[in-house]
Amino acid sequence: MHFSKMLIPTLRETPADAEAISHILMLRAGYVRQLVAGLYIYLPLGLRVIEKINKILKEEMNAIGAQEVIMPLLHPAEIWKETGRWYEIGDEMFRLKDRGGREMCLGMTHEEIMTWLAVREVRSYRDLPQIWYQIQTKLRDEARPKSGVLRTREFLMKDSYSFDAGEDGLERSYQRHAEAYHKIFSRCGLKFYMVESDPGMMGGAVAHEFMAPSPAGEDVVVICDSCGYAANVELALSNPPGIKFEDWKFEEVYTPEKRTVEEVSSFLKLSPQYFIKSILVIGDDGPVLALVRGDQELHEKKLGRIIGNHRPAQKIEVKEILGVEAGFIGPMGHQIRIIADTCLKKGVYVSGANKPHYHAIGIKPGEDFDAEWHDIHVAKESDSCSKCGNPIRIECTIEVGNIFKLGTKYSGPLKAFYLDENGQGKPLIMGSYGIGPARIAAAAIEQNHDKDGIIWPKGIAPFDIEILPLNMKDSKTAEVAEKLYKDLVKEGHEILMDDRDERAGVKFKDADLIGIPTHIILGEKNLKDGFVEIKDRRTGEAVKVRVEEVVEKVRDFISSF
RNA sequence: CGGGGCGUAGCGCAGCCUGGUAAGCGCACCUGUCUUGGGAGCAGGGGGUCGGAGGUUCAAAUCCUCUCGCCCCGACCA
């Protein structure tokens, strides 16, 4: 393609409302434009990247026997009502009515519709397994779209759904997806982790996420380099640093106006690790007291998985339920449900004395109070791996893919049954699997850029090579550039030819911004001696090559990186 | 939905506090000229209901009220 004939509106300056690097660079390099919050236009270059990614997705999905289909994105409400999600999902679902007043919604995912198809078309165990996928638009009315293309209200998703006769089959489909996903993200040039994740509202028991490390990511992941344990911080288990306990006798001490752990800890000159933080929350089934160590934080989601929906108690509620004001709560002597972090199970601690302006020293778990023990703290960098005891790492990541074992969550309510060998009706065992192509593109930029712009991984670059004839007014330059372009296209390379009548500096700057992996530079002086330069965008390394050898050298050059 | 910030030319911004002399700057764009290995120079030019509505005033980009939009933090995230 010729630059002069393409819409590539590069920007010299950073747009004011972009903050994430991928967002800034996609705007500056002319890949996308924003319509309104969370809705993006993909310009020619941006579309090329998405299509490269989609091609990889299709190849790898087809390779595991998945079949491409396409589903409507307008859905009748009835199906969503049957699974209950019409009611469970809140404002995130776009809802509307057709002219007949029939309730509809825009598809935010396709479990219901895929299962609807399976109900009708899958009859026998002989039809199984089936894996169906599509690459199609999803619509979710996000509360807060952000970070450019990373979180939008409308986005492309490769979603696949597996239907098996039993748990073994699901396991196979799940593993095949995991392997395909590894290949996909590798081919896209991403650094990524596969981590254990919370199945959440998707239902089912097992789920993994594919996470691309990047400071722009909104998910936090716990990684153990020693044993390979990797999990989303929403469920990651970890052991807080061990501490040496004193042999305190139970004793109440006067701590006037000292309420927070920091205040009491500095007042008593004891490290926060020796404290028990007591947090009262109000759940659907009544109040619950959550206990974590003084140097730890309570993880709401971890607690939520144990007690369900809950919210922090208000000050008045604390007084009413526990009989003491916040700041002096201790775990002793309460009748309500207590969930305590596992690391508190042993030791001798300090906490509130359940009377105003007093704390208690020498509290022994198991003796002075009892609790249900769960890992409910937020994993931190200083924690150690719960599996092998070695240090863990915490990283911010972009979720680029996920895989869920659904079981019969959808096939049950929608009555997706098959007949087994004995003629018995059984529910299909399902899995669902997603990948966001736009997030792959954004993550690739987040992980591959420098001060000058994007450095695309070869697998998903919009073009393989950019030709830069530095002076288009020089007839020799223009002539050789055209010939090289034709020859290289004939070789099967995708080429962007910067045939604009721009100064050399402009072409270099734009080429670096746009980030095509290989540049062929045609300067007047080199050309007089019969040479051009082949330059690698990532390293900046350039080699001088005779014009007639370019086609051959490019072959070597490209394969050497 | 709560908190904060910002809306002035395609992009980046100044002007607002202290109303009039305030529709400005840089880049981009158009014409000409010159230049061609890292966003050149010179000369000329086009482009704005100052997000919108209402109000105060002799007079509003500027003050007041309402409203819409965008970004960031948090909550939420099938």
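See above for the structure.
No experiment lies behind these values; they were computed from the predicted model shown.

With that out of the way, let us pick up the overall build of chain A. Helix and strand counts for chain A stand at 14 helices and 33 strands. Projected onto its principal axes, the C-alpha coordinates of chain A cover approximately 95 × 65 × 45 Å. Sorting the 561 residues of chain A into buried and exposed places 54% on the buried side. Across chain A, every contact between residues at least 6 apart in sequence was considered, and the portion connecting residues at least 24 apart equals 68%. Carbon and sulfur atoms form 51% of the exposed surface of chain A, whose accessible area is close to 25600 Å².

Our focus in this paragraph is the sheet that holds strand β17 (residues 310-312). Reading across from one edge, β17-β15-β16-β18-β21 is the order of the five strands in this open sheet, with mixed pairing throughout. The two strands at the open ends of the sheet, each matched to only one other strand, are β17 and β21 (372-374). On average, each strand axis in the sheet is inclined to that of its neighbour by 35°, with strand direction left out of account. Strands in contact with helix α8 (residues 300-307) are β15 (276-283), β16 (286-293), β17, β18 (337-341) and β21; relative to β18, the strand with the most contacts, it is inclined by about 140°. The sheet strands contacting helix α9 (residues 315-322) are β15, β16 and β17, and the helix crosses β15 at an angle near 100°.

As a further point, take the side chain of R537. Assignment of secondary structure puts R537 in the loop between β32 (531-536) and β33 (542-546). Polar side-chain contacts of R537 include one of 3.0 Å to the backbone oxygen of D512. Leave out the neighbours within four places in its chain, and R537 touches D450, D452, G453, I454, I455, A511, D512, G515, I516, P517 and H519.

Locating K535 in the fold gives a position in strand β32. Of the side chains bearing the opposite charge, D512 lies closest to the buried K535, which forms no salt bridge; the N-O distance is 4.6 Å.

With that out of the way, let us pick up the sheet that holds strand β29 (residues 465-469). Taken together, five strands build an open sheet; the order of strands is β30-β29-β31-β32-β33 and the sheet is mixed. The strands lining the two open edges of the sheet, one partner per strand, are β30 (495-497) and β33. Taken pair by pair, the neighbouring strands of this sheet meet at an average axis angle of 25°, ignoring direction. The pairing of β32 with β33 spans five bridges and is antiparallel. Bridging across to β33, E533 finds its partner in K544. Strand contacts of helix α12 (residues 504-514): β29 and β31 (518-522), with the helix running at about 170° to β29, the strand carrying the most contacts.

So, how was this worked out
- Residues numbered from 1 in each chain as written.
- Chains lettered and ligands numbered in written order.
- Predicted model: local features only at pLDDT ≥ 70, side-chain atom pairs only at ≥ 80, totals over all residues.
- Heavy atoms only, no water.
- Helix = DSSP H or I, 4+ residues; strand = E, 2+ residues; numbered from the N terminus.
- Buried < 20%, exposed > 50% of the residue type's maximum accessible area, 1.4 Å probe, protein only.
- Contact = heavy atoms within 4.5 Å.
- Areas by Shrake-Rupley, 256 points an atom, 1.4 Å probe, with all protein chains shown as cover.
- Pairing = 2+ DSSP bridges.
- Axes fitted to C-alpha atoms, helices over the stretch in contact; angles between N-to-C directions.
- Polar contact = N/O pair within 3.5 Å; in protein donor to acceptor, adjacent residues only side chain to side chain.
- Lys, Arg positive; Asp, Glu negative; His and termini not counted.
- Salt bridge = Lys/Arg side-chain N within 4 Å of Asp/Glu carboxyl O.

All we've got here are geometric facts, nothing functional implied.
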